[in-house]
Amino acid sequence: MTEPISIGSLKPILNAQPGALQTPIFQVLQVRKLTSVSNGVERYRIVLSDSIHYVQSMLASQKNELVVSGKLQKGAIVQLIQFSVNMMKERKIIIIINLNILEQYGILPKIGAPASLEPSSSTADKEESRKQEIPVINQTSFYGNKPLGPTFHEEKEKMNHISSVSSTTIYPIESLSPYQNKWTIKARVTNKTEIKHWHNQKGEGKLFSCIFMDESGEIRATAFNDQVDMLYDALQEGQVYFVSKCRVNIAKKQFSNVQNEYELTFERDTEVERCPDQSAVPHVKFNFVSLKDLDSVGKDSIIDVIGILNDIHEIVEITSKTTQKLYSKRDIFLVDNSNYSVRLTLWGKHAQDFNIPQETIVAFKGLKVTDFNGRSLSMLSGAMIIANPQIEEAYLLKKWYDKQGKEETFMTHQPTITTIRKEERKTIAQIKDEQLGMTEQPDYFSVKATIVFFKQENIFYPACPIEGCNKKAIEDNEGRWRCERCDKSFLKPQYRYIVTISVNDHTGQIWLNCFDDIGRQIIGKSADDIAQMKEENEQAALNIFHEANCKSYVFRVRAKQDSYNGAIRVRYQVMGVSPINWAHECKLLADIINSY
Ligand SMILES: [Zn+2]
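Residues numbered from 1 in each chain as written. Predicted model: local features only at pLDDT ≥ 70, side-chain atom pairs only at ≥ 80, totals over all residues. Heavy atoms only, no water.

1. Concerning unusual backbone geometry
Glycine aside, the phi torsion of most residues is negative, and most peptide linkages are trans. Even without glycine at this site, asparagine 339 takes up a positive phi of about 65°. Since its relative accessible area comes to 19%, asparagine 339 is described here as buried. Positive phi outside glycine occurs at glutamate 359, with the angle close to 70°. (Buried < 20%, exposed > 50% of the residue type's maximum accessible area, 1.4 Å probe, protein only.)

2. Examining the sheet that holds strand β25 (residues 474–475)
Spatial ordering of the open sheet is given by β25-β26-β27, a layout of 3 strands whose pairing is antiparallel. Two strands close off the open sheet at either side, each with one partner strand: β25 and β27 (488–490). Across 2 bridges, β25 lies against strand β26 (residues 481–483) in antiparallel orientation. Bridge pairing in β26 places isoleucine 474 opposite arginine 482. (Pairing = 2+ DSSP bridges. Helix = DSSP H or I, 4+ residues; strand = E, 2+ residues; numbered from the N terminus.)

3. A look at the coordination of the zinc ion
For the zinc ion, the full set of protein donor atoms is Cys464 (SG), Cys469 (SG), Cys483 (SG) and Cys486 (SG), at a range of 2.2 to 2.3 Å. Of note is the zinc ion, whose 4 donor atoms meet at the metal with angles of 105 to 114° in an arrangement that counts as tetrahedral. Taken in sequence order, the residues that donate to the zinc ion follow the motif C-x4-C-x13-C-x2-C. Remark: cysteine 483 occurs in strand β26 and cysteine 469 occurs in the loop between β24 (460–463) and β25; sequence separation between them is 14 residues. The exposure classification of cysteine 469 matches that of cysteine 483, with both residues buried. (Donors = N, O, S within 2.8 Å, 3.2 Å for Na, K, Ca; no water. Tetrahedral: all angles 85-135°; square planar, octahedral: opposite > 155°, others 65-115°.)

4. Here's the deal with the packing of aromatic side chains
According to the stated counting rule, one finds 9 aromatic pairs in the structure shown. Taking 6.1 Å as the distance between ring centres and 80° as the angle between the ring planes, the aromatic pair formed by tryptophan 198 and phenylalanine 224 counts as edge-to-face. Pair noted here: tryptophan 198 is in strand β8 (residues 196–200) and phenylalanine 224 is in strand β10 (residues 218–224), with a separation of 26 residues, a long-range link. The exposure class assigned to phenylalanine 224 is partly exposed, which follows from its relative accessible area of 33%. Each ring, one from phenylalanine 208 and one from tyrosine 232, has its centre 4.8 Å from the other, and the planes form 90°; the classification is edge-to-face. Of this pair, phenylalanine 208 sits in strand β9 (residues 203–213) while tyrosine 232 sits in the loop between α6 (226–231) and β11 (240–244), placing them 24 residues apart in sequence. This pair shows no difference in class: phenylalanine 208 is buried, exactly as tyrosine 232 is. Over the ring of tyrosine 232 we find lysine 192, and its NZ or CZ is 3.8 Å from the ring centre. (Phe/Tyr/Trp six-rings, centres within 6.5 Å; stacked < 30°, edge-to-face > 60°. Lys NZ or Arg CZ within 6 Å of the ring centre and 35° of its normal.)

Given below as structure tokens:
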């Protein structure tokens, strides 16, 4: 296979000569992780070869995954899709913003005998002299890990004079970093602050900031003093601008909730120009949280959510207890493909004006997370509703809903769940509070509890000894036992337990019913043995119960309605019993403790 490398293309690219290729193909000669880490983001240095020359390049951090996954490695053939040439410490390097790995060529041995494009000896001398001046920078790496401060200014001054092959390309906000300075973004102002003034020992000044947004992300930009005068009126919220020549700093995240490692500072030569085409840039940037993940989001967090309108309640008028004012609220229920359903409360005008039909896909920006009834959402006055947003998440959700979502049963973050999965662990208080077993369908759960009392009356009955019958046998006149169902008589019945026990946990007391197999496990002897013992030595039998008492178990229970003498009550039937696995119980307890 012929290698497709753009032979000899590096020199015209680095010197910005006419005819320089826009999407050149190179071989990767080296991939190296840089020792310095900038703000927690790892950076990779890559040596690119056109088979005649090689140069250093830097991979934009959003492409790091290609290295981590092993796709981008020494010997690979790559095509640059978007890049720029920057000056770094007096040498030109390529910043790779986007690239394709031409996997069809595989990993090849070094092609040709490429030589460095830089004049090596003089560079080394200069590097040496720079080390004397600015030791901090050169101790780390060739581009340093201190992009801020006077050193950066100094480099920026130099870089401004270097022309770039892609100077007219619009860069995505996501690709901006302090390691390149030739960029223009096309972005919408989604938020602009008032002008703030400050006074301190160092002097006084003013500033404002705004948030720029495009398809790739958001970035905050701040103007100080002269730039405030220059740009405050020029930048209008909601409008789209071309912005270039700003300083890129590490973001001070404590002042902003914008998801970006960097932020911009407007400078003297910053260029801002209103874009004639206002439509191509999205209006709102969402940062969706899955409904399932709401319980890992802190109470009072402000989040974005996308979901399907599953239920819409009527509007309710409520009088505020504190202000005595009447206000309206409306609950709507959202579901998403995490199979969770969440209540969202709309207030005032949002509640009154709500007219989006059920089953519509709706995106919300700026919802508050509350801990009402587990986890709920509340719509703030500044929040936004967008029905059927033209975004990929909405498309995926619609596809899921049409295919399977309609038929799903959804889980909720509410602590009181009416349909309970089999054997969910409950406390006795929960069993009562949640009225388990009070509906048509039986409920199943497990409970960890301690036996405190065995009811002695009717603790067993004489049963038909034929296997699987269990019917009560009747003693006839001749002292024999007879089963009506099997139509047979026997010399002896087989005694079977119908044990009723009182159990307790830290939340309360409850009566449980146990059939023969469970009775045998918790008493430790068969009903026949107990029956015989009772006849021979009543006290011995009582001792057996005394020993079986005060033991703890995990009971699997079915709660079911039962009519008894015309009254409806709930019977708790033990379906299974197991001794307590203390290691497992400790883990459950640790999980509960950790949730506080
Ligand atoms: Zn029988």
